[in-house]
Amino acid sequence: MNPYQEIRKVPLDYSGIKSSAYAVQRWDDDKNKWKEAGVVGANYMLLENQEVKDIADDIVHSAAIDFEVDKEFFNGKNYMLSYKAKNTLNTKEREIGDLNLGIQFWNSYDGSRSFGFSLM
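As the structure is a prediction and not an experimental result, all values here were calculated from the model.

Analysis parameters
Residues numbered from 1 in each chain as written. Predicted model: local features only at pLDDT ≥ 70, side-chain atom pairs only at ≥ 80, totals over all residues. Heavy atoms only, no water. Patch = residues over 30% accessible without salt bridge, like charges linked within 9 Å, V, L, I, M, F, W, Y side chains within 5 Å. Areas by Shrake-Rupley, 256 points an atom, 1.4 Å probe, with all protein chains shown as cover. Salt bridge = Lys/Arg side-chain N within 4 Å of Asp/Glu carboxyl O. Lys, Arg positive; Asp, Glu negative; His and termini not counted. Charge placed at Lys NZ, Arg CZ, Asp CG, Glu CD. Helix = DSSP H or I, 4+ residues; strand = E, 2+ residues; numbered from the N terminus. Buried < 20%, exposed > 50% of the residue type's maximum accessible area, 1.4 Å probe, protein only. Polar contact = N/O pair within 3.5 Å; in protein donor to acceptor, adjacent residues only side chain to side chain.

A. Region of interest: a negative patch on the surface. A surface patch of negative charge is lined by Glu6, Glu48, Glu51, Asp54 and Asp58. Structurally, glutamate 51 can be placed in helix H1 (residues 49–62). Exposure remark for glutamate 51: the relative accessible area of 37% places this residue in the partly exposed category.

Pasting the structure below:
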């Protein structure tokens, strides 16, 4: 499943009665049609996963630390992208179980998680 497909927020209605809710839909290339990813309120600020990735890339490429993509997850509703530092911040050799610096970004199309990031 491609996390970077087109998305849209469309109003819900039934027999001409407008709802205060909106459907978030993502384009499904496999089925060649729109697929619902969630239902959100009118004020939900929909952010495309591609925008999240662009923001993440800007941050990690401007850092003094050399990061590489560690994991990427998308289930049609929730998106997560994490990077880890290629090298530790000191000169000692790493051993199994050592900690490393990382940064993680997340987003959702169903309103379950707002855009955010954290250092790990």
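B. The arrangement of the pattern of salt bridges in detail. Considering all chains together, one arrives at two salt bridges under this definition. For aspartate 57, the salt bridge goes to lysine 53, with nearest N and O atoms at 3.2 Å. A residue pair is termed a helical-turn pair when its members lie 3 or 4 positions apart in one helix, as aspartate 57 and lysine 53 do in helix H1 at four residues. In this structure, lysine 86 engages aspartate 66 in a salt bridge whose closest nitrogen and oxygen atoms are separated by 3.7 Å. With lysine 86 in the loop between strand S5 (78–85) and strand S6 (102–108) and aspartate 66 in the loop between H1 and strand S4 (67–74), this pair connects stretches of sequence that are 20 residues apart. Classification of lysine 86 as partly exposed rests on a relative accessible area of 41%.

C. Broad picture of the environment of tyrosine 109. In this fold, tyrosine 109 is placed in the loop between S6 and strand S7 (116–119). In this structure the C-alpha to C-alpha distance between tyrosine 109 and glycine 38, which are 71 residues apart in sequence, comes to 6.1 Å. Polar side-chain contacts of tyrosine 109 include one of 3.0 Å to the backbone nitrogen of asparagine 49.

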